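Residues per chain, in single letters:
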Amino acid sequence: MPRPLRVAIVGAGPAGIYAADALLKSEAAADPGVSIDLFERMPAPFGLIRYGVAPDHPRIKGIVTALHQVLDKPQIRLFGNVDYPSDITLDDLRAFYDAVIFSTGADADRALNIPGVELEGSYGAADFVSWYDGHPDVPRTWPLEAEKVAVLGVGNVALDVARILAKTADELLPTEIPPNVHAGLKANKALEIHVFGRRGPAQAKFSPMELRELDHSPSIEVIVNPEDIDYDQGSIDARRSNKQVDMVAKTLENWAIRDVGDRPHKLFLHFFESPSEIVGEDGKVVGLRTERTELDGTGNVKGTGEFTSWDVQAVYRAVGYLSEELPKLPWDADSGTVPDEGGRVVQQGGEHVPSTYVTGWIRRGPIGLIGHTKGDANETVANLLEDHREGRLHTPDAPGEDAVVEFLEGRGVAYTTWDGWYRLDAAERARGEAEGRERVKIVEREEMLRASGVEV
């Protein structure tokens, strides 16, 4: 009797869940069907949505509703709190599944090679995001002693970091932030936040809505220097060809010509300033040095040799995320991705690694918005199913659905399930209800496991 196609997906964030959805919507989901197991190293699913999106972005977190509907499907099982490769290896997965899709995302900070990055007070944005999002594997406190802070980068993560630093703790209290984060932000001394971009307004990677949200807070005065509003032909072409680029530029132009108000926290957006050194004294950050740049006609910039010293006591590097290398898979160290062709993992020589696929940021790098991962997943799944039709997938030794459960239990892995997520979700909502909030996130891993119904 034919059995379902068995697929393992490593990573239960948006990319992995979109891949599961694509499998369920495919022709292969008809008789005999598809059986999908998602493995997630965190006790809870949703990845970037839960641990990478600022808590004051409920619109983006609303994507969880759609992802939740996918995970509710009976053909999908969740195995949370399962780490690849310490709890389960690629060889183990191949023993149980016809194919494996890796969708492990990116949650580390990309390196910035300037002097001073090692100083106390120089932080990776990803680490700060993990702290304020209540990630269970990071410290519970964060040093917020600096009154003047620099944020390097002009993407949405830089905006999130700057906004969280500039808002008051009580503005964020209605969100799901846990008590330790609220207490930490309550003690935050930052009064000035300076965001630095190497290029100009037309090259900023902000999304228009996230940029405009900066100005919604009653405590944040957004300030743009009129001298930073400059365009060359490349910039003009970018504005004409991309509506979002034009909207960002118009917003910045409007802020540059208005009078500065009296909101207590000043948030400066600087352009054409390339960080050249984080300045230290006695091992601590005491300043930032930047080189003024100018447009070269193509939308790129060149240095002018003019340097400025900025009085700051902390620097947050928001210059991009980086994926962690996955054992047993080929790796491109420069891009921080697994080499692939259409989602099929490929060796250095160009040959495909049988039955092994990637999707999301581990495949294409940390670029694009969350919704962009859906098209990525569709392509990967289409090629997996083509390999299935053509008989190119390997045959697992133990394809029965109980085999992986017995394996995990035999190794003593305290895994969570989809039913366990419902229990954890209910526990967080109950905490929130007691405080008049929608949810209060549980932070400690063991506490998450207990709330999920797992004995620890």
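Before reading on, note that the structure itself is shown above.
Right, let's walk through the structure included here. (Residues numbered from 1 in each chain as written. Predicted model: local features only at pLDDT ≥ 70, side-chain atom pairs only at ≥ 80, totals over all residues. Heavy atoms only, no water.)

**Quick word on the pairing of strand E10 (residues 265–270)**
Most of E10 sits out of view: six of its six residues are buried. Across the two faces of E10 the burial is the same, with His 265, Leu 267 and Leu 269 and Lys 266, Phe 268 and His 270 all buried. (Buried < 20%, exposed > 50% of the residue type's maximum accessible area, 1.4 Å probe, protein only. Helix = DSSP H or I, 4+ residues; strand = E, 2+ residues; numbered from the N terminus.)

**Remarks on the packing of helix H11 (residues 233–241) against helix H12 (residues 243–257)**
Where H11 meets H12, the axes come as close as 5 Å, and the angle between the chain directions of the two elements is 115°. It follows that H11 is roughly perpendicular to H12 by the angle criterion. Where H11 approaches H12, its residues Ala 238, Arg 239 and Ser 241 are matched on the opposing element by Lys 243, Val 245, Asp 246, Ala 249, Lys 250 and Glu 253. Here the contact of H11 with H12 is composed, by residue class, of three nonpolar, one polar and five charged. (Axes fitted to C-alpha atoms, helices over the stretch in contact; angles between N-to-C directions. Parallel < 35°, antiparallel > 145°, perpendicular 65-115°, else oblique. Contact = heavy atoms within 4.5 Å. Nonpolar A, V, L, I, M, F, W, Y, C, P; charged D, E, K, R; others polar.)

**Some thoughts on unusual backbone geometry**
Here the residue pair Tyr 84 and Pro 85 is connected by a cis peptide bond, since its omega of 10° sits within 30 degrees of zero. Within the element layout of this structure, Pro 85 appears in the loop between strand E3 (76–80) and helix H5 (90–96). At Phe 272, a position not held by glycine, the phi torsion is positive, near 60°. Although it is not a glycine, Ser 355 adopts a positive phi angle of roughly 60°. Note on placement: Ser 355 falls in strand E18 (residues 352–358).

**What about the packing of helix H6 (residues 125–132) against helix H7 (residues 156–166)?**
At a minimum axis distance of 10 Å, the contact between H6 and H7 shows a crossing angle of 55°. Between H6 and H7, the crossing angle belongs to the class labelled oblique. The way H6 lies across H7 gives a crossing that is left-handed. Packed against H6, whose contacting residues are Ala 125, Phe 128, Val 129 and Tyr 132, the element H7 presents Val 157, Asp 160, Val 161, Ile 164 and Leu 165 at the interface. Its residues placed into classes, the contact of H6 with H7 shows eight nonpolar, no polar and one charged. (Left-handed = near helix turned anticlockwise from the far one by under 90°.)

**Some points on a negative patch on the surface**
Together, Glu 401, Asp 402, Glu 406 and Glu 409 make up a region of like negative charge exposed at the surface. We classify Glu 406 as exposed; its relative accessible area is 56%. (Patch = residues over 30% accessible without salt bridge, like charges linked within 9 Å, V, L, I, M, F, W, Y side chains within 5 Å. Areas by Shrake-Rupley, 256 points an atom, 1.4 Å probe, with all protein chains shown as cover. Salt bridge = Lys/Arg side-chain N within 4 Å of Asp/Glu carboxyl O. Lys, Arg positive; Asp, Glu negative; His and termini not counted. Charge placed at Lys NZ, Arg CZ, Asp CG, Glu CD.)

**Describing the side chain of Asp 387**
One can find Asp 387 in helix H14 (residues 372–389). When sequence neighbours within four positions are dropped, the list of residues in contact with Asp 387 reads Arg 344, Tyr 357, Arg 392 and Leu 393.

**Brief notes about the sheet that holds E18**
The sheet built from seven strands is open, its strands ordered E3-E2-E1-E4-E18-E17-E16 with mixed pairing. If you trace the sheet from one side to the other, it starts and ends with E3 and strand E16 (340–341), each paired once. Judged from the five bridges that link them, strand E2 (residues 34–40) and E3 form a sheet pairing that is parallel. Across the sheet, Leu 38 pairs through a bridge with Leu 78, a residue of E3. Contacting strand E1 (5–10), strand E4 (99–102), E16, strand E17 (344–346) and E18, H14 runs over the sheet at an angle of about 150° to E18. Contacts from helix H15 (residues 401–410) reach E1, E2 and E3 within the one sheet, and its direction differs from that of E3 by about 10°. (Pairing = 2+ DSSP bridges.)

**Quick look at the sheet that holds strand E7 (residues 148–152)**
Spatial ordering of the open sheet is given by E6-E14-E7-E8-E10-E9, a layout of six strands whose pairing is parallel. The open sheet is flanked by strand E6 (122–124) and strand E9 (220–224), the only strands paired with a single partner. Between one strand axis and the next, the sheet turns by 20° as a mean value, whatever way the strands run. Across five bridges, the pairing between E9 and E10 is parallel. Within E10, the residue paired with Glu 221 across the bridge is Lys 266. Its contacts with the sheet place H12 against E9 and E10, and it is angled at close to 95° to E9.

**Section: helix H4 (residues 63–71)**
The set of residues buried in H4 consists of Val 64, Leu 67, His 68, Val 70 and Leu 71. Looking straight down H4, one finds its buried side chains confined to an arc of 155°; they lie on one side. Exposed side chains of H4 directed beyond 90 degrees from the buried face belong to Thr 65 and Gln 69. Buried-residue contacts for H4 involve helix H1 (14–24), E2, helix H2 (48–51), helix H3 (58–61), E3 and helix H16 (418–434). (Arc of directions from axis to C-beta.)

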